[in-house]
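Here is how the chains run, residue by residue.
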Amino acid sequence: MDAEAQESFREFVANRSSALLKTAVLLSGGDRHAGEDLLQNALIKAAGRWHRIEEPEAYVRQVLYRQQVSRWRLKWPRRELSVAEPPESAAGQDASGAAELRLVMRGALARLTARQRTVLVLRYFEDLPESEVARILGCSVGTVRSATHRSLARLRALAPELAALGPAAAEQPSSRDYSPVEVRQ
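Residues numbered from 1 in each chain as written. Predicted model: local features only at pLDDT ≥ 70, side-chain atom pairs only at ≥ 80, totals over all residues. Heavy atoms only, no water.

Under an unreviewed UniProt entry, the name given to the chain is SigE family RNA polymerase sigma factor, and the organism recorded is Streptomyces dubilierae. Turning to the chain, the UniProt annotation filed under Sequence similarities (unreviewed entry) states: "Belongs to the sigma-70 factor family. ECF subfamily." (UniProt positions renumbered as here; feature names shortened; annotations may be inferred.)

Structure follows, in structure tokens:
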């Protein structure tokens, strides 16, 4: 990689890594360390092909999704750990309500299977249409629809308190960070 490409890559990482890390953490069930590993592997792949990538963020996100899909297709799934981290602070908002929503959502997402979590993150956090999710996951649109439906039902069963938090949290600007269950309730 030449000096110009290195500088371009460093600039991309500095500007976009925090947004990409949020997605990676959500894909890995709220486990920040696993999310960092997921993002690091995606950035390593991007660095090796940097001079050929036309849309770097789209490429890195695609690698994140595919790596996560590969993880849940493993013959022996890895055990997931719940992580008790304080939520990010949101300036100018009711911090207790937002923090409670984030903690409940993270806990509920961590209890889903990796496949269920991936479908919900792609559909609601990334706000991708069903056809795009199907393309990324290598399945049909019908499979995405049924997986989304089952994942939301399981999420509601695991954390019924989200139904009470969803409408109030929907009024807050940062509720999109961790609230896919507010859709179609």
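Trainee: Can you lay out the overall build of the chain for me, pointing to particular residues and giving the numbers?
Mentor: For the chain, the helix and strand inventory stands at eight helices and zero strands. Residues counted as buried form 44% of the 185 residues belonging to the chain. Taking contacts inside the chain between residues at least 6 apart in sequence as the whole, the part at least 24 apart equals 68%. Split by element, the accessible area of the chain, about 10300 Å² in all, is 52% carbon and sulfur. (Helix = DSSP H or I, 4+ residues; strand = E, 2+ residues; numbered from the N terminus. Buried < 20%, exposed > 50% of the residue type's maximum accessible area, 1.4 Å probe, protein only. Contact = heavy atoms within 4.5 Å. Areas by Shrake-Rupley, 256 points an atom, 1.4 Å probe, with all protein chains shown as cover.)

Trainee: Which residues make up the pattern of salt bridges, and what are the values?
Mentor: Under the criterion given, the structure shown has six salt bridges. Measuring nitrogen to oxygen at the nearest pair gives 2.6 Å for the salt bridge that ties E126 to R61. With E126 in the loop between α5 (114-125) and α6 (130-137) and R61 in helix α3 (residues 56-72), the pair connects residues that are 65 residues apart, well separated along the chain. Exposure remark for R61: the relative accessible area of 14% places this residue in the buried category. A salt bridge links R145 to E130, with the shortest nitrogen-to-oxygen separation between them at 2.8 Å. Placement of R145 in helix α7 (residues 141-158) and of E130 in helix α6 is noted, with a sequence separation of 15 residues between them. (Salt bridge = Lys/Arg side-chain N within 4 Å of Asp/Glu carboxyl O.)

Trainee: Talk me through the environment of V69; I want residue IDs and the actual numbers.
Mentor: Along the polypeptide, V69 turns up in helix α3. Its relative accessible area of 5% is what places V69 among the buried residues. For the pair V69 and L27, spaced 42 residues apart in the sequence, the C-alpha separation amounts to 9.6 Å.

Trainee: Could you give an account of the side chain of S28, naming the residues involved and the relevant values?
Mentor: Its place among the elements puts S28 in the loop between α1 (3-27) and α2 (32-48). The class for S28 is buried, based on a relative accessible area of 9%. Among the polar contacts made by the side chain of S28, one reaches the main-chain amide nitrogen of G35 at a distance of 3.2 Å. With residues up to four places along the chain from it excluded, the contact list for S28 reads A34, G35, Q68, R71 and R117. (Polar contact = N/O pair within 3.5 Å; in protein donor to acceptor, adjacent residues only side chain to side chain.)

Trainee: Can you explain the packing of α1 against α5? Please cite residues and give values.
Mentor: For any two helices packed against each other, the geometry is given by the interaxial angle and the distance between the axes. Where α1 meets α5, the closest approach of the two axes is 9 Å, and the angle between their N-to-C directions is 145°. Residues K22, T23, L26 and L27 of α1 pack against R117, T118, V121 and F125 of α5. Broken down by class, the residue content of the contact of α1 with α5 amounts to four nonpolar, two polar and two charged. (Axes fitted to C-alpha atoms, helices over the stretch in contact; angles between N-to-C directions. Nonpolar A, V, L, I, M, F, W, Y, C, P; charged D, E, K, R; others polar.)

Trainee: Summarise the packing of aromatic side chains; cite the residues concerned and give the values.
Mentor: Enumeration over the complete set of coordinates arrives at two aromatic pairs. A centroid spacing of 5.0 Å and a plane angle of 80° characterise the contact between F9 and W50, whose relative ring orientation is edge-to-face. Within this pair, whereas F9 is found in helix α1, its partner W50 is found in the loop between α2 and α3, the two being separated by 41 residues in sequence. Neither F9 nor W50 differs from the other in exposure class; each is buried. Seen from their ring centres, F12 and W50 are 5.4 Å apart, and the 45° between their planes marks the pair as tilted. Of this pair, F12 sits in helix α1 while W50 sits in the loop between α2 and α3, and the two are 38 residues apart along the sequence. On the accessibility criterion, F12 (10% relative accessible area) is buried. Overall, W50 belongs to the buried group, its relative accessible area being 9%. A network of ring pairs unites the aromatic residues F9, F12 and W50 as a single cluster. Positioned over the ring face of Y124 is R123, at 5.5 Å from the centre of the ring. (Phe/Tyr/Trp six-rings, centres within 6.5 Å; stacked < 30°, edge-to-face > 60°. Lys NZ or Arg CZ within 6 Å of the ring centre and 35° of its normal.)

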